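Structural description and commentary
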Amino acid sequence: MTQPSKNIFRCPICRYTQTPEIVPDQKCFDCGRTSDLWMCLICGNIGCGRYAAAHAYKHYENTSHIFTLQIGGKLVWDYAGDNYVHRLIESSTDGKPVEYDGVNSDSFEKEKEKISAVQLEYTCLLTSQLENQRLFYEEKLRESDERFNEYSREAQQKINSLESELKSTRKELTSISAELLTLSNAKKQIDKKHLLSQTKCQTLQNELDEEKQMCKLLRDDKEILSRQLEETDQKRKMEVGALEEQIHDLLLHFETEAKIKEQIENGAISKEELEQSNVELKEDITPKVLSKKNRRRKK
């Protein structure tokens, strides 16, 4: 806060530029209220009373500044003791708070005695208030120490609990690490087996491909051999048919020759007639020969 000028009226207690008089521009620093205002005697903060928005009391809670002056009044309130403290010195002419700065006058001695009496009164009052404030803060410190000790005990209990949890977690971590190592070794073995299986599968796949290729070649060869066999069978059938015709002709020739010899021996025909005769084949000879052939086959 800036230092006040000597020409500006200053509060005789807080020595700040705020005045305890009611002026148009005075208002609560927090909500802007212009009535029921109180000024802190420690830092000069202006706030509204507890029957308004209670910003003066909130200032006390935030800063622990216990003395506050009613603006436009004569009262000083002690938040720690929760009561009024004293009245300010008022001028006999205009009723305003006055500040004695040692100005020479005709009644200097009387005023000096009054000032000494007032100073003594204020000294006793401030001493008692400071003692009360000391006791108040000592109580606060004691409560703070108790809370600190309680928090320390709770923190120590939490630390002990966390340490036990940490030990348990470390044991679990050790167990998990050992299990992880075992699983890693098992995984390596499985990977090796998998690699061998892949190699075998690849070998079998290659063999299967070769077998498929071989089967395809064999099927192609089979088709070629089947066609060749059919052609050979057809040729064989044709040759067998030709041989059967030749055999049939030979049998017919032998049978005819045998009949001619028989007729010559019986004298039914002579050699001269045979030489001069012509042989004609009738249509019904073939069936007879075939029937004889069939009879021979049956025998």
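This text goes with the structure placed above it.
Residues numbered from 1 in each chain as written. Predicted model: local features only at pLDDT ≥ 70, side-chain atom pairs only at ≥ 80, totals over all residues. Heavy atoms only, no water.

A short note on the overall build of the protein chain
- Along its length, the protein chain carries 4 helices and 5 strands.
- Its helices and strands in sequence order give the protein chain the pattern β-β-α-β-β-β-α-α-α, from N to C terminus.
- Among the 299 residues that make up the protein chain, the fraction classed as buried is 16%.
- Of all intrachain contacts in the protein chain linking residues separated by at least 6 positions in sequence, the fraction that spans at least 24 positions is 44%. (Helix = DSSP H or I, 4+ residues; strand = E, 2+ residues; numbered from the N terminus. Buried < 20%, exposed > 50% of the residue type's maximum accessible area, 1.4 Å probe, protein only. Contact = heavy atoms within 4.5 Å.)

Some details on the nonpolar core
- If you look at the biggest cluster of nonpolar residues, it comprises 19 residues, and the most contacted ones within it are Leu37, Phe67 and Val76.
- Those elements giving two or more residues to this core turn out to be strand 1 (37–40), strand 2 (46–48), helix 1 (55–63), strand 3 (67–70), strand 4 (75–78) and helix 2 (108–266).
- Top element by residues in this core is strand 1. It accounts for 3 residues.
- Once residues within four sequence positions are removed from consideration, leucine 37 is found in contact with Gln26, Lys27, Cys28, Ile46, Gly47, Cys48, Leu69, Gln70 and Ile71. (Core = buried A, V, L, I, M, F, W, Y, C linked by side-chain atoms within 4.5 Å.)

Remarks on the packing of aromatic side chains
- The tally for this structure, following the rule as stated, stands at 4 aromatic pairs.
- Note on tyrosine 57 and tyrosine 79: the rings are 5.5 Å apart at their centroids and 65° apart in plane angle, and the pair reads as edge-to-face. Here tyrosine 79 lies in the loop between strand 4 and strand 5 (83–87) and tyrosine 57 lies in helix 1, a separation of 22 residues in the sequence.
- Judged by its relative accessible area of 12%, tyrosine 79 is buried.
- Centroid distance tyrosine 60 to tyrosine 79: 5.0 Å. Interplanar angle 15°. Geometry classified as stacked. Here tyrosine 60 is found in helix 1, whereas its partner tyrosine 79 is found in the loop between strand 4 and strand 5, with 19 residues between them in sequence. (Phe/Tyr/Trp six-rings, centres within 6.5 Å; stacked < 30°, edge-to-face > 60°.)

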